[in-house]
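These are the residues of each chain, in order.
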Amino acid sequence: MDEGEDVPKDFIKLKSEKLSVNEVSELVISPCCGAVSLFIGTTRNNFEGKKVIHLEYEAYMSMAETEIKKICRDVRQKWPSVKHIAVHHRLGVVPVTEASVIIAISSPHRAESLEAVMYCINTLKASVPIWKKEIYEGEYSWKENKECFWTNSEK
Amino acid sequence: MCGSVVFFFSRPRSPDRRLFPAQVSVLYFARSAELAGLRCETLSVPRQITSLQLWEEIVKIHPRLAVIRDQVVFAVQQEYVLLGDQLLVLQPGDEVAIIPPISGG
């Protein structure tokens, strides 16, 4: 492998196929990094006593990619030692226990990638135009992240 | 007003295009797509309009959207804009998206 090609990269993907933890973590592995930190968001089977059958996701694709790129830029500004960042988000139907989002970040030492992963998922929930619908038995509900600054959650 | 006018051009000047409405793409997502019954359309809107006025124009066409007025923002050329007094300057072909509360991740 040509070490000169190990420049910091952002790997962003929105896709309807099943996500792979192996694939996402391998994207960020780097010879200069001693840490790869990972977040996996999975579909829970319940919400307020109701059984969740599955989730359905949709996205404003072009803007979602742009917003995720902004998050990556912010991560690199806050944690300059971060090497590679991978954010994969699933669209369409996501069955219970399957992953809807995987974030992997590599850095020379663990503190930066651990903090950066938390920042990444928190900011994604606040700013990326992706929506999920929770499908129950006989009904469904569009979810609203509490991080969303224009949500009307008090009403 | 001048008593005489001299034309330097071989033909009259074209009307100021800024006075004409702009054709913009409007995109609907999540609950707003369900209420409007579609995902995208082209609308003719004034080039200068506040975000609230733009919302009201859209609700005239899709009255069922009125119920989510307090929960949505716009994304104009992929920048979030709250519904309010903010003056938008729209160009033909600009993209305006209705953005209900997000729930990614």
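Rules behind the numbers
- Residues numbered from 1 in each chain as written.
- Chains lettered and ligands numbered in written order.
- Predicted model: local features only at pLDDT ≥ 70, side-chain atom pairs only at ≥ 80, totals over all residues.
- Heavy atoms only, no water.
- Salt bridge = Lys/Arg side-chain N within 4 Å of Asp/Glu carboxyl O.
- UniProt positions renumbered as here; feature names shortened; annotations may be inferred.
- 1 Å grid on protein atoms, 1.4 Å probe; cavity = no way out; pocket = protein on both sides within 12 Å on 5 of 7 lines; lining within 4 Å.
- Helix = DSSP H or I, 4+ residues; strand = E, 2+ residues; numbered from the N terminus.
- Buried < 20%, exposed > 50% of the residue type's maximum accessible area, 1.4 Å probe, protein only.
- Contact = heavy atoms within 4.5 Å.
- Pairing = 2+ DSSP bridges.
- Points joined across faces, edges and corners; volume = space filled by probe spheres on them.
- Nonpolar A, V, L, I, M, F, W, Y, C, P; charged D, E, K, R; others polar.

Chemist: Outline the pattern of salt bridges, supporting the account with residue identities and numerical values.
Modeler: Under the criterion given, the structure shown has 13 salt bridges over all chains. In this structure, the salt-bridge partner of Arg69(B) is Asp70(B), at a minimum N-O distance of 3.3 Å.

Chemist: If you had to explain the UniProt feature "binding site: substrate" (unreviewed entry) in chain A to someone new, which residues and values would you point to?
Modeler: As recorded in UniProt, the feature "binding site: substrate" (unreviewed entry) lies at His109(A), Arg110(A), Lys125(A), Lys132(A), Lys133(A) and Glu134(A). In sequence the annotated residues extend across 26 residues, and in space they extend as well, their farthest C-alpha pair lying 37.8 Å apart. Narrowing the list just given to those that line the largest pocket leaves Lys125(A), Lys132(A) and Glu134(A). In this structure, Lys125(A) sits in helix H3 (residues 110-127). Accessibility expressed as a relative area gives 18% for Lys125(A), which makes it buried. When neighbours within four sequence positions are excluded, Lys125(A) is seen to be in contact with Lys132(A), Asn145(A), Glu147(A), Cys148(A), Ile102(B), Gly104(B) and Gly105(B). Mapped onto the fold, Lys133(A) is located in strand S9 (residues 130-135). For Lys133(A), a relative accessible area of 14% corresponds to the buried category. With sequence-adjacent residues up to four places away left out, Lys133(A) is seen in contact with His54(A), Leu55(A), Glu56(A), Tyr140(A), Ser141(A), Trp142(A) and Glu34(B).

Chemist: Go over the pairing of strand S1 (residues 22-28) of chain B with me, naming the residues and quoting the values.
Modeler: Residues and elements named next belong to chain B. Burial runs high along S1: five of the seven residues are buried. The pairing of S1 with strand S2 (residues 40-45) spans six bridges and is classified as antiparallel. For Ser25, the partnering residue across the bridge sits in S2 and is Thr42. Two strands pair when backbone bridges link them, and S1 and strand S7 (residues 95-99) are joined in this way by four bridges, in the parallel orientation. Directly across from Leu27, in S7, lies its bridge partner Ala97.

Chemist: Talk me through the layout of surface pockets; I want residue IDs and the actual numbers.
Modeler: Empty pockets left among the atoms are what a rolling probe the size of a water molecule brings to light. Estimates place the volume of the largest pocket at around 380 Å³. As for the largest pocket, its lining consists of 20 residues, and the residues nearest its centre are Arg44(A), Lys125(A), Lys132(A), Glu134(A) and Gly105(B). When contributions to the lining of the largest pocket are tallied by element, the ones reaching two or more residues are strand S2 (35-42), strand S3 (46-47), strand S5 (54-59), H3 and S9 of chain A. Considering every element that reaches the lining of the largest pocket, the biggest residue donor is S2(A), with three residues. Within the lining of the largest pocket, the residues separate by chemical class into five nonpolar, seven polar and eight charged.

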